[in-house]
Amino acid sequence: ILGFSTPPGRLSMMAFILNALTCALGLLYFIRRGKQCLDFTVTVHFFHLLGCWAYNSRFPATLTWWLVHVVCTALMAAIGEYLCMRIELREIPLASAPKSNV
């Protein structure tokens, strides 16, 4: 069903891309570490590959399936890492008493 030529194919690809964006937000809220984003992204997509393989009883062999999933993996990892790094690089607030000028 994935394909550029039919409206259902384009809609499915858009759904995969939107899923990658929302999963990147999930990485921000659940993982919170920029260094671990790529690991969790590849793991999630690997389990998705295994699920598709078991469901269809054959290994995915179409080029569009692989292209969509490589793009979605890259998007999810890059955006998730960017968001996590923004949180990690925030200043640490210090709640100490003001110092007197001597």
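Note that the structure is a prediction, hence the values are computed from the model and not measured. (Residues numbered from 1 in each chain as written. Predicted model: local features only at pLDDT ≥ 70, side-chain atom pairs only at ≥ 80, totals over all residues. Heavy atoms only, no water.)

**Structural notes on helix α3 (residues 63-88)**
- Here α3 contains 26 residues, and its C-alpha end-to-end distance of 37 Å stays within 8% of the 38 Å for a straight helix at 1.5 Å per residue.
- The complete set of buried residues in α3 reads Trp 65, Val 68, His 69, Cys 72, Thr 73, Met 76, Ala 77, Gly 80, Leu 83 and Cys 84.
- Buried-residue contacts for α3 involve α1 (7-31) and α2 (37-56). (Helix = DSSP H or I, 4+ residues; strand = E, 2+ residues; numbered from the N terminus. Expected span 1.5 Å × (residues − 1). Buried < 20%, exposed > 50% of the residue type's maximum accessible area, 1.4 Å probe, protein only. Contact = heavy atoms within 4.5 Å.)

**A few points about the UniProt feature "transmembrane region" (unreviewed entry) in the chain**
- The sites that UniProt annotates as "transmembrane region" (unreviewed entry) are residues 12-31, 38-57 and 63-84.
- From the first C-alpha to the last, residues 63-84 spans 31 Å; its make-up is 100% helix and 0% strand. (UniProt positions renumbered as here; feature names shortened; annotations may be inferred.)

**Here's the deal with the nonpolar core**
- By size, the foremost hydrophobic cluster in this structure holds 15 residues, and its most contacted members are Leu 2, Leu 27, Trp 65 and Val 68.
- Those elements giving two or more residues to this core turn out to be α1, α2 and α3.
- Per-element tally for this core: the top contributor is α3, with six residues.
- Excluding residues within four positions of it along the chain, Leu 27 makes contact with Arg 32, Cys 37, Phe 40, Thr 41, Met 76, Gly 80 and Cys 84. (Core = buried A, V, L, I, M, F, W, Y, C linked by side-chain atoms within 4.5 Å.)

**What to know about the pattern of salt bridges**
- The full count for this structure, using the stated rule, is one salt bridge.
- The salt bridge involving Glu 88 is made with Arg 33; its shortest N-O contact spans 3.9 Å. Of this pair, Glu 88 sits in helix α3 while Arg 33 sits in the loop between α1 and α2, placing them 55 residues apart in sequence.
- By relative accessible area, Arg 33 is classed as partly exposed at 42%. (Salt bridge = Lys/Arg side-chain N within 4 Å of Asp/Glu carboxyl O.)

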